[in-house]
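Summary of the model geometry
Listed below, chain by chain, are the residues.
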Amino acid sequence: MKKVESLREVSEWANLNKDILELIFNKLDVMDITMGASRVCISWFLASHNRTLWNTVDLTNLQELDFSRIFNFKDKERPIFFYKHPVDHKQGRTNLLTKIISRFFLDFFEVEGSISLMNLLVEISKLSRMAPKNLFFNFNSYIQENGLKFAAEKMPNIEKLALPIWSYQNDKSLRFAFSQWKNLKTLIIAHEHSFTPSFDFKAVGESCSSLTNLKYLGRLEEYTCRDIVCYLRSLKRLSLRCSLVSSTAVYRLINGLPNLTILNVSHCKNPYDYFLPIAKSIDNYVITAATQKLEKFITCPHDCMICKDRCRYSLSYLAEVWRNDEIKELEF
């Protein structure tokens, strides 16, 4: 009797009005749809393929379960994260439905289970196909070479991309990935120079001729600045928000990028003195160059509270704020 009632309830959910179903699905995040709603019944599985759901693949709010394991590579330790997702238990489908609807109306439920980033990308690609135009990774995600290649091959129409701080790629994998993303217009990079090799901007410049927006979060070394100027000549908007950058590097970017119109150096600090905000140390010749060339040169006030707080430059703080920017094209 209970089984009959359970099947009847599932049948009712399966026959839910399509407009209501679409409304519910639009309130769910990627994990809810991929590992939850799409597995409820055939009609929900088919509804999960709606292209409007997959314009943006936003992985920024994934809940990290723990470090599943650590392995060594070139004498560096690299964490592989697993992420929480809802699991259906012996109570049957009704339990999963309850969790999904609770998330929709009350915005809370306890999730269990885990999935690696690579396996999650595989599951997403089954539903999204080639629809995504925006791909945002979690700040702490670890993208292996096969993961980045897979994402590029299955989502070739990406126009806005946010890469995390744990991104270890060789030149070959980066070159392949960006050769697929020829429509890329906006690139956000979090880079930790102590753990990861230099980013290959040449691979980006060779394939992404439409790239006009760049956000770089990290320590801007002289060679990095040189590569940006050399290979990303079409840049119009550049944000170094919360980065470590020198006056010399800022000057080189202003004068070296011919199409640059907006530069954001708010909350930046001197790479040789973490106590010194760039707003207080920037040289007059840099300000003059910016005033003469740029439409907008964004800095923060001398009494900026964020710049006064050293702790705000920890990785945990940057993970919270890297989606924010004074340049609207670089928010996500």
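Everything discussed here concerns the structure shown above.
First, a word on scope: everything that follows refers to the structure included in this document. (Residues numbered from 1 in each chain as written. Predicted model: local features only at pLDDT ≥ 70, side-chain atom pairs only at ≥ 80, totals over all residues. Heavy atoms only, no water.)

Regarding the packing of helix H11 (residues 247–256) against helix H13 (residues 284–293)
In the contact formed by H11 and H13, the axes pass within 9 Å of each other and the chain directions differ by 25 degrees. Viewed along their axes, H11 and H13 adopt a mutual orientation that is roughly parallel. Relative to H13, H11 is oriented so that their crossing is left-handed. On H13, the residues touching Ser247, Thr248, Val250, Tyr251, Ile254 and Asn255 of H11 are Tyr285, Val286, Ala289, Ala290 and Lys293. Of the residues belonging to the contact of H11 with H13, the class tally is 7 nonpolar, 3 polar and 1 charged. (Axes fitted to C-alpha atoms, helices over the stretch in contact; angles between N-to-C directions. Helix = DSSP H or I, 4+ residues; strand = E, 2+ residues; numbered from the N terminus. Parallel < 35°, antiparallel > 145°, perpendicular 65-115°, else oblique. Left-handed = near helix turned anticlockwise from the far one by under 90°. Contact = heavy atoms within 4.5 Å. Nonpolar A, V, L, I, M, F, W, Y, C, P; charged D, E, K, R; others polar.)

A few points about the nonpolar core
Judged by nonpolar contacts, the single largest core of 74 residues is most densely connected at Leu59, Leu161, Phe178, Trp181, Leu187 and Leu240. A total of 5 residues in this core trace back to one element, the largest contributor, which is helix H6 (residues 117–128). In contact with tryptophan 181, not counting residues within four places along its chain, are Leu135, Leu148, Ala151, Ala152, Met155, Pro156, Ile158, Leu161 and Cys208. (Core = buried A, V, L, I, M, F, W, Y, C linked by side-chain atoms within 4.5 Å. Buried < 20%, exposed > 50% of the residue type's maximum accessible area, 1.4 Å probe, protein only.)

Description of the pattern of salt bridges
Counted under the stated rule, the structure contains 10 salt bridges. Of the charged contacts in the structure, one is a salt bridge between arginine 219 and glutamate 221, with a shortest N-O distance of 2.9 Å. Given a relative accessible area of 16%, arginine 219 falls into the buried group. With a closest N to O distance of 3.6 Å, glutamate 222 and arginine 252 form a salt bridge. You can see glutamate 222 sitting in helix H10 (residues 222–231) and its partner arginine 252 sitting in helix H11, a full 30 residues away along the chain. Look at the salt bridges and you will find they share partners, linking Arg39, Glu123 and Lys126 into a network. (Salt bridge = Lys/Arg side-chain N within 4 Å of Asp/Glu carboxyl O.)

Regarding a nonpolar patch on the surface
Together, Ile42, Phe45 and Leu46 give the surface a local cluster of nonpolar side chains, amounting to about 320 Å² of exposed area. Mapped onto the elements of the fold, phenylalanine 45 is located in helix H4 (residues 42–47). (Patch = residues over 30% accessible without salt bridge, like charges linked within 9 Å, V, L, I, M, F, W, Y side chains within 5 Å. Areas by Shrake-Rupley, 256 points an atom, 1.4 Å probe, with all protein chains shown as cover.)

Observations regarding helix H8 (residues 171–180)
Residue pairs three or four apart in sequence face the same way in an α-helix, which turns once every 3.6 residues. Every buried residue of H8 is listed here: Ser173, Leu174, Ala177 and Phe178. Buried residues in H8, looked at end-on, bunch into an arc of 120 degrees, giving them a common side. (Arc of directions from axis to C-beta.)

Examining unusual backbone geometry
The phi dihedral of arginine 129 falls on the positive side, at around 55 degrees, and the residue is not glycine. Residue placement: arginine 129 occurs in the loop between H6 and strand E5 (134–136). By relative accessible area, arginine 129 is classed as partly exposed at 43%. The phi dihedral of cysteine 242 falls on the positive side, at around 65 degrees, and the residue is not glycine. As for its placement among the helices and strands, cysteine 242 is situated in the loop between strand E11 (237–239) and H11.

Structural notes on the sheet that holds E11
A sheet is described by the order of its strands in space; here 8 strands give the open sequence E1-E5-E7-E9-E10-E11-E12-E15, paired in parallel fashion. Two strands in the sheet have a free side with no partner beyond their single neighbour: strand E1 (56–58) and strand E15 (296–298). Neighbour-to-neighbour, the strand axes of this sheet turn through a mean angle of 5 degrees, independent of strand direction. Bridge count between E1 and E5: 3 bridges; the pairing is parallel. Each bridged residue has a counterpart across the sheet, and for valine 57 the counterpart in E5 is leucine 135. (Pairing = 2+ DSSP bridges.)

Nothing here speaks to function; it is all geometry.
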